[in-house]
Amino acid sequence: QREIERRKGCHSSGGTIFSAKIFCGDCGQMYGPKVWHSNDPAHRKVIWQCNSKFKGKRCQTPHLTEDDIKGAFVIALNRLLSIRVEVTDNLREIQATLTDTTAQEDEVTRLTGELDVVTELLQQMIDQNARTAQDQSDYQRRYNELASRYQETDVALQAARSALSQAQSRNRQIADFIAEVESLPGAVTEFSADYWGHLVEKVTIGRKKEMTFTFSCGVEIRV
């Protein structure tokens, strides 16, 4: 789903499957497409280069053609396939750890309960203040203390929910990656947009045109 949304964004801004996935090894900025000889159909050529290449200190990473990217991806994918058993075994060990989210779930439950208690105390305090006359300075002090406790608990709860969501998301991502890699043939001979979209997180370009493919499982392969 993340990849689908990413592609929608790329296409809506005139991008391609390579958009937002290729990065400069010098400055960290994304590569973007540039058209050479746009007014000459016979010599028109699309190349990819760092979007900041001619800004500031001027990056020294080279431009690439789409054929360069596709060819390097096929090589990187075949190297991944040559060690797929080792990779998937390691990922399953990581997955076993991520699957156990008991601690994160317990923390979410605990903080949710605490937030409910503080909310109830705040409401009771407000209601009591509305019904009976009280020292307002003392009321404000106690109210501020509870409000501060509420805010701190809410922040902690959001962080706990985020940690749980990230663990669950990473678990699904690993499961999808394992299934995808295990379904591939022993070797690939040509570029596939589907393989690229499903498996590649990013590609980092070096000054000598070397490309480091970071797959969605975290494995890096340099070509």
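Please refer to the structure placed before this passage.
Throughout what follows, the structure given in this document is the object of discussion. The structure displayed is predicted, hence computed values, not measured ones.

## Here's the deal with helix 3 (residues 84-99)
In an α-helix, one turn spans 3.6 residues, which is why side chains three or four residues apart end up on the same side.
Here comes step 1: Taking 1.5 Å of rise per residue, 16 residues should cover 22 Å, and helix 3 covers 21 Å from first to last C-alpha, within 8% of that figure.
Here comes step 2: For helix 3, every residue scored as buried is listed here: Arg84, Val87, Thr88, Leu91 and Gln95. Projected down its long axis, helix 3 carries its buried residues within an arc of 85°, all on one side. Helix 3 presents Val85, Glu86, Glu93, Ala96 and Thr97 as exposed residues on the side facing more than 90 degrees away from its buried surface.
Here comes step 3: The secondary structure elements touched by the buried residues of helix 3 are helix 2 (66-82) and helix 5 (136-183).

## Section: the environment of Thr119
Here comes step 1: Tracing the chain through its elements places Thr119 in helix 4 (residues 102-131).
Here comes step 2: For Thr119, a relative accessible area of 37% gives the class partly exposed.
Here comes step 3: Taking the C-alpha atoms as reference points, Thr119 and Ala147, separated by 28 residues in sequence, lie 8.8 Å from one another.

## Regarding the pattern of salt bridges
Here comes step 1: With the rule as written, the count across this model stands at ten salt bridges.
Here comes step 2: We note a salt bridge from Asp68 to Lys209, for which the minimum N-O separation is 3.3 Å. Linking Asp68 in helix 2 with Lys209 in the loop between strand 5 (200-205) and strand 6 (211-215), this pair joins segments that are 141 residues apart in sequence.
Here comes step 3: Relative accessible area serves as the criterion here: at 38%, Lys209 is assigned to the partly exposed category.
Here comes step 4: When the shortest N-O distance is used, the salt bridge between Glu114 and Arg149 registers 3.8 Å. Taken together, the residues Glu114 in helix 4 and Arg149 in helix 5 connect sequence positions 35 residues apart.

## Structural notes on the environment of Ile17
Here comes step 1: Checked against the element boundaries, Ile17 lands in the loop between helix 1 (2-12) and strand 1 (22-24).
Here comes step 2: The buried category is assigned to Ile17, whose relative accessible area is 19%.
Here comes step 3: Put simply, Ile17 and Ala193 are 176 residues apart on the chain and 7.3 Å apart in space, counted from C-alpha to C-alpha.

## Quick look at the side chain of Thr65
Here comes step 1: One can find Thr65 in strand 4 (residues 64-65).
Here comes step 2: When neighbours within four sequence positions are excluded, Thr65 is seen to be in contact with Lys45, Val46 and Ile47.

## Some thoughts on the pairing of strand 3 (residues 45-50)
When a strand is regular, its side chains alternate between the sheet's two faces.
Here comes step 1: Bridging between strand 2 (residues 31-36) and strand 3 involves six bridges; their strand directions are antiparallel. Within strand 3, the position partnered with Tyr31 by the bridge is Cys50.
Here comes step 2: Judged from the two bridges that link them, strand 3 and strand 4 form a sheet pairing that is antiparallel. Within strand 4, the position partnered with Ile47 by the bridge is Thr65.

Analysis parameters
- Residues numbered from 1 in each chain as written.
- Predicted model: local features only at pLDDT ≥ 70, side-chain atom pairs only at ≥ 80, totals over all residues.
- Heavy atoms only, no water.
- Helix = DSSP H or I, 4+ residues; strand = E, 2+ residues; numbered from the N terminus.
- Expected span 1.5 Å × (residues − 1).
- Buried < 20%, exposed > 50% of the residue type's maximum accessible area, 1.4 Å probe, protein only.
- Arc of directions from axis to C-beta.
- Contact = heavy atoms within 4.5 Å.
- Salt bridge = Lys/Arg side-chain N within 4 Å of Asp/Glu carboxyl O.
- Pairing = 2+ DSSP bridges.

By themselves, these observations are geometric and do not establish any function.
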